[in-house]
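Structural overview for review
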Amino acid sequence: MRPCTCWHLRSCVWHLRFCASTTGQSGRRIRLQFRGGSPGAAVLAAAGRGRWKHRRGGRLGRMLWLCVVPDDEEKFKKSEHVAFYRRQIQGPNLQYQALLDTMVLTEKGARFELLEPDTQTSLLLSVSPCKNDTVRILIDELQPIKARYRVPDVITGEQQCAQLRVERQSKYCVSLSWSSGRHRVCVWHFPFRLEILCEDEVMVTFNSKGKLWFETLQDPTRASSHDSELQEDHTSLLWKETFKQFVDVKANGPSSIGSDFCFHEFSHVYGLPEHADSLQLRDTRHGEPYRLYNLDVFAYELYSRLGLYGSVPLLVAHKPDRTLGVFWLNASETFVNVRYNPSEHQDDRSPQLKRKRIQPRTDVHWLSESGVIDCVVLLGPSPQQLFSQYAQLTGYQALPPLFALGYHQCRWNYNDEADVKAVDAGFDRHDIPYDVIWLDIEHTDGKRYFTWDSALFPEPASLQHHLEKKRRKLVVINDPHIKTDPDWSLYREARDGGHFVKDREGKIYQGSCWPGESSYLDFSSPDTRSWYSRCFRLDKYQGSTPSLFVWNDMNEPSVFDGPEQTMPKDAVHYGGWEHRELHNLYGFYQHMATVEGLITRSGGLERPFVLSRSFFAGSQRLGAVWTGDNAASWEYLKISIPMLLSLSVAGIAFCGADVGGFVQDPEPELLVRWYQAAALQPFFRGHSANTTKRREPWLFGEEVTASIRTAIQQRYCLLPYWYTLFHQAHTSGQPPLRPLWVEFPTEQSTFPVDNQYMIGGALLACPVTDPGVQEIQVLLPGSDEVWYDVHSAEMYKGGKTLSLPVTLDSVPVFQRGGSVVCRSTVSGFCTADLQHLPFSITVALNSQGVADGELYLDDGHSFSYRDRKAFCLRRFNMLSGRLLCRSAGEEGTFDTDTVIQSVIILGVKGKPSTVVVHVSGANDTSAAFQYTETCCTLTVSNLNLRVATDWEIQIL
């Protein structure tokens, strides 16, 4: 077997895992040679990452033999390894009854008791319809011996409940309606099921297949008396479970829950991020279920349903006339099985005219390790209404500071202050705009967060001031593990303040991560979050300035020597809750504490920017996420698109993937194509591991540099449109990145498409994700739509697939007829330049000669848009040859000097005789224009029209 040839191993663990994942030879050994010294604490902490041992060592080098076992086999569970999953799948089909005579109508809905006769399990069902067309279903034990965990802090505020009334009632069923009576809930006695109807049509059925499962909590003292009987019995798994060498002791015994939903007449479901899989969820009956369990999975397997870094338990079902969703509010380990049942005839043996057609449906089975059944059915009916309903439930996307939408340059690690300044200067020298440079773990003093390596970064504040003079920012990493170092004041503060997670014996839990032996902050505690937030104060975080922002990594949490490389489930958090109850919330809570820290640092004046690797439902309120440790291959570029679309559908709108791949070295063509794709996605960051070659955009020859420069410059020119889309996400829940079916909900040809997407409602992008491509197929939806190539202005009719020639410098982007898009006329050097640059408007006429669009502006960094209504929201309407610029609402007082320099109108069928400009309070003037007959394009130039002023342009 060939020896590993990669030598620069400053931190070796990632390299070990990379070698293991790329050899593909399970059980074989590979030899790693280190140039000098010890492999370091990172490797010594990595026994859980792979089996290895020293074979020989010496002063000049050291050899390691690594036994190569693929990640999913060595470290990560599949469903067959999970006891609660096996119990539910293999267990009896319990037949619950709804005791209809126990019904009580309340101001929040209705309550029923449920009974399983064989086990005598009694549950309490609450049904709460809300005025925004959602229905919350909550099931708990009727009389638990102790409270079960209910996920806090995710649902924002109290939902406005609607009063239920009885429509019909019998011994078999009770039918309840609310509001106008358009929606109804039917609760059936036996077997228990709950139907939700819209206009008398059943949309979704809860417990359709009788999968309701609820393991009631037990008294551990009673259970311990039976331990001797259980030692050799399979039921011992109820209280103790072993995976590899790890033992999980369950303090409350078995506590899993589950149920199924039937989506009637639906054949397409989406959501459930994060998985490296297709946008449309796949049928799981012949493979693994979708797993929601946040894990540190390096160079993850593609087209896999195993868990990754974050979890959003939202599933969205779509058909031409309706979009539905189910939000399963549970933070413990969760599996989801999807089963499609296409339309068919009940009896193929009977004559065709007498055959009864069975409608298609999709059955979805949710299984969680603990907690209560707490789910919300979102009734849409449109995709836009569903996104709004979900945002009302879990929060709207945070409005990012404008700089966060620019380009970010990151590497593990930039070597020192001189290196950072050299890279910064390189962008200016090569005329490439960028906004943020990032520092990974090596910037700290021995992986102690909130510190700086005094040899490499002796004057961090001065470095930040250097960047700030150019209106650029610095981002540093801040992980949740704290080096176990009693001589370090921050460690002592956390220890003495009770801010660490405990083990099951009540001692501070310790595990291995980058610093070696580490303790983990208990972010589930409000006191810990407050303490952590105060650590970002400028007087506390020495060397920091207001232009320093934060990156939360390793917060699944990652524990090198833990089960599945994460924290044991029987670790104990604030309130005595086991880690199993809230595992998927851990990164969400660190993200929350960091955001609160940056807001507090600014006295509540400045918008924070925090990137987090781990996330949960509601993380959109906090900032951005990315897709983790990907690799430099065409396959990873290709999978990034459905991954980001899945995140967007599930409310996590500010998302991106590491440009070029985190590990391995991209070939120049791949790097160019990745920049082109990422420039058309929300979060735009180049990032690479220290085992890769340097890849700043100017290191691959002038042709590659020119292509990357063009992609980044085009991103910066489009930022007025991106910023407007994020305003819409912040106020209405509409994601900037959208699957085609969101904008074209009735066109079934769009339902499975995940290699192209909409940016807002106006632009369609189809990035090139294959090597050597000279022609690409692009689906242009809508037989009544008109589409314009943004580069050539050529017009195409919709409702067909277009074969489009491409070069290395081109990526297909089309503007939809009927839309207006604002751009900056030039890119500038960073986003701060946009405040002073003139804009251009592109009006794309539809077949009726109509178009409209919006532009949102504010100061780009503060909360004044929220607190003082200091924003400008303008609407552009083109109708009957007149383009009007008007206020889009009564609010908004931001006084901006931004001007519209030119207007480009696509689809003008003939050359006008004159173009007249009318500005309120001024005389009409004639404008200079140019008409291009070959592409029916009218360009009106030298306008200098203030965005904040009412004006109109008339084409005569």
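Below is a short write-up of the structure. Everything quoted here is computed from the prediction, not taken from an experiment.

1. With respect to unusual backbone geometry
Excluding glycine, residues mostly have negative phi values, and the peptide bonds linking residues are mostly trans. Between Phe190 and Pro191 the backbone carries a cis peptide bond, its omega angle lying at -15°. If you trace the backbone, Pro191 turns up in the loop between strand S10 (183–188) and strand S11 (193–198). For the bond from Gly380 to Pro381, the omega torsion is 10°, close enough to zero to count as cis. Position of Pro381 relative to the elements: it lies in the loop between strand S25 (373–378) and helix H7 (383–394).

2. Describing the sheet that holds strand S37 (residues 737–738)
Across the sheet, which stays open at both edges, the six strands sit in the order S37-S38-S39-S44-S41-S42 with antiparallel pairing between neighbours. Because the sheet does not close on itself, it has two edges, and the strands there are S37 and strand S42 (795–797). As judged from the three bridges shared by strand S41 (residues 786–789) and strand S44 (residues 813–816), these two strands associate in the antiparallel manner. Directly across from Asp789, in S44, lies its bridge partner Phe814.

3. Some words on helix H14 (residues 634–649)
The end-to-end C-alpha distance of H14 is 24 Å, a good match for the 22 Å that 16 residues give at a rise of 1.5 Å each. Summarising burial for H14: 14 of the 16 residues are buried, a large majority. Gly651 occupies a position one or two residues after H14 and carries a positive phi of about 90°.

4. Remarks on the pattern of salt bridges
Here the structure, examined in full by the defined rule, presents 59 salt bridges. For Arg87, the salt bridge identified is with Glu215, shortest N-O distance 2.7 Å. Of the two residues, Arg87 is situated in helix H4 (residues 83–90) and Glu215 in the loop between strand S13 (213–214) and helix H5 (220–224); the sequence distance between them amounts to 128 residues. There is no split in this pair, since Arg87 and Glu215 are both buried. With a shortest N-O distance of 3.0 Å, Glu854 and Arg875 are connected by a salt bridge. Residue Glu854 is located in strand S47 (residues 851–857), and its partner Arg875 is located in strand S48 (residues 872–879); the two are separated by 21 residues in the primary sequence. In this structure Arg875 comes out as partly exposed when scored by relative accessible area, which is 28%. Counted as one network, the salt bridges with shared partners bring together Glu241, Asp248, Lys250, Arg291, Glu333, Glu369, Glu564, Lys569, Glu578 and Arg580.

5. A closer look at the nonpolar core
The tendency in soluble globular proteins is for nonpolar side chains to be buried as a group. Ranked by size, the top nonpolar core spans 167 residues in total, and within it Leu585, Phe609 and Ile759 carry the most contacts. Considering every element that reaches this core, the biggest residue donor is H14, with 10 residues. Ignoring sequence-local partners within four residues, the contact set of Leu585 consists of Tyr149, Val151, Pro152, Val154, Ala331 and Phe616.

6. Things to note about the pairing of strand S30 (residues 510–513)
With four bridges connecting them, S30 and strand S31 (residues 516–520) associate as antiparallel partners. Residue pairing for S31: Ser512 is matched across the bridge by Glu517. Linking two consecutive strands that pair antiparallel, namely S30 and S31, is a turn of two residues.

7. Side note on the packing of helix H8 (residues 417–429) against helix H9 (residues 460–469)
Axis angle and axis distance: for two packed helices, these are the angle between their axes and the distance between the axes, and together they describe the pair. Contact geometry for H8 and H9: axes closest at 11 Å, N-to-C directions at 5°. In terms of axis orientation, H8 runs roughly parallel to H9. In this structure, H8 contributes Glu417, Val420, Lys421 and Asp424 to the contact, and H9 contributes Pro460, Leu463, His466 and Leu467. A per-class count over the contact of H8 with H9 returns four nonpolar, one polar and three charged.

Definitions and cut-offs
Residues numbered from 1 in each chain as written. Predicted model: local features only at pLDDT ≥ 70, side-chain atom pairs only at ≥ 80, totals over all residues. Heavy atoms only, no water. Helix = DSSP H or I, 4+ residues; strand = E, 2+ residues; numbered from the N terminus. Pairing = 2+ DSSP bridges. Expected span 1.5 Å × (residues − 1). Buried < 20%, exposed > 50% of the residue type's maximum accessible area, 1.4 Å probe, protein only. Salt bridge = Lys/Arg side-chain N within 4 Å of Asp/Glu carboxyl O. Core = buried A, V, L, I, M, F, W, Y, C linked by side-chain atoms within 4.5 Å. Contact = heavy atoms within 4.5 Å. Axes fitted to C-alpha atoms, helices over the stretch in contact; angles between N-to-C directions. Parallel < 35°, antiparallel > 145°, perpendicular 65-115°, else oblique. Nonpolar A, V, L, I, M, F, W, Y, C, P; charged D, E, K, R; others polar.

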